[in-house]
Amino acid sequence: MPEQLTDAIEERVKSGVLDVLSMHGFGNPDQEDLQVNGLLPELRRRQLIDTDCVGEDFRSNLELPSLAPPTVIRASRTA
């Protein structure tokens, strides 16, 4: 089944009608297994999705600058 789904995705990617793939179903054990152990490896094998990451977190993978550390503001008490 992952191969058939990947065939359909590959056909659309190569024809230029698909350039973003949003995956849903995580949280459902059956869907999660299909995606993680079936679909993703097959998409990677066919080089339809990247297998590497640019950085250590989501922001760096989008090549965005790091955020400044949060500033702690302490409230003062008045009598």
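The rules behind the values
- Residues numbered from 1 in each chain as written.
- Predicted model: local features only at pLDDT ≥ 70, side-chain atom pairs only at ≥ 80, totals over all residues.
- Heavy atoms only, no water.
- Helix = DSSP H or I, 4+ residues; strand = E, 2+ residues; numbered from the N terminus.
- Buried < 20%, exposed > 50% of the residue type's maximum accessible area, 1.4 Å probe, protein only.
- Patch = residues over 30% accessible without salt bridge, like charges linked within 9 Å, V, L, I, M, F, W, Y side chains within 5 Å.
- Areas by Shrake-Rupley, 256 points an atom, 1.4 Å probe, with all protein chains shown as cover.
- Salt bridge = Lys/Arg side-chain N within 4 Å of Asp/Glu carboxyl O.
- Expected span 1.5 Å × (residues − 1).
- Bend = angle between axes of the 7 residues up to and from the residue.
- Contact = heavy atoms within 4.5 Å.
- Polar contact = N/O pair within 3.5 Å; in protein donor to acceptor, adjacent residues only side chain to side chain.
- pLDDT = per-residue confidence, 0-100.

1. Digging into the environment of T51
Then, in step 1: Mapped onto the elements of the fold, T51 is located in the loop between α2 (29–45) and α3 (58–61).
Then, in step 2: Judged by its relative accessible area of 59%, T51 is exposed.
Then, in step 3: Separated by ten residues in sequence, T51 and P41 place their C-alpha atoms 9.4 Å apart.

2. Some details on a nonpolar patch on the surface
Then, in step 1: Judged by side-chain polarity, F58, L62 and L64 come together as a nonpolar surface patch covering roughly 330 Å² of accessible area.
Then, in step 2: Relative to the helices and strands, L64 resides in the segment after α3.

3. Some remarks on the pattern of salt bridges
Then, in step 1: As enumerated under the stated definition, the model contains five salt bridges in all.
Then, in step 2: Among the charged side chains, a network of salt bridges with common partners joins D7, E10, K14, E42, R45 and R46.

4. Some points on α2
Then, in step 1: Compared with the 24 Å implied by 1.5 Å per residue over 17 residues, the 23 Å span of α2 between its first and last C-alpha is a close match.
Then, in step 2: Roughly 35° is the biggest bend found in α2, and it falls at Q35.
Then, in step 3: Listed as buried for α2 are L34, Q35, G38, L39, L40, E42 and L43.
Then, in step 4: Where α2 is buried, its residues contact α1 (2–15).
Then, in step 5: Its side-chain oxygen 3.0 Å from the backbone nitrogen of D30, N28 forms the N-cap of α2.
Then, in step 6: At the exit of α2 stands Q47, carrying a positive phi of roughly 60°.

5. Structural notes on the environment of P65
Then, in step 1: Relative to the helices and strands, P65 is located in the segment after α3.
Then, in step 2: Separated by 34 residues in sequence, P65 and Q31 place their C-alpha atoms 34 Å apart.

6. A short note on the confidence of the model for the protein chain
Then, in step 1: Confidence along the protein chain averages 84 in pLDDT terms, with 95% of residues attaining 70 or more.
Then, in step 2: When mean pLDDT is compared element by element in the protein chain, α1 scores highest at 93, while α3 scores lowest at 80.

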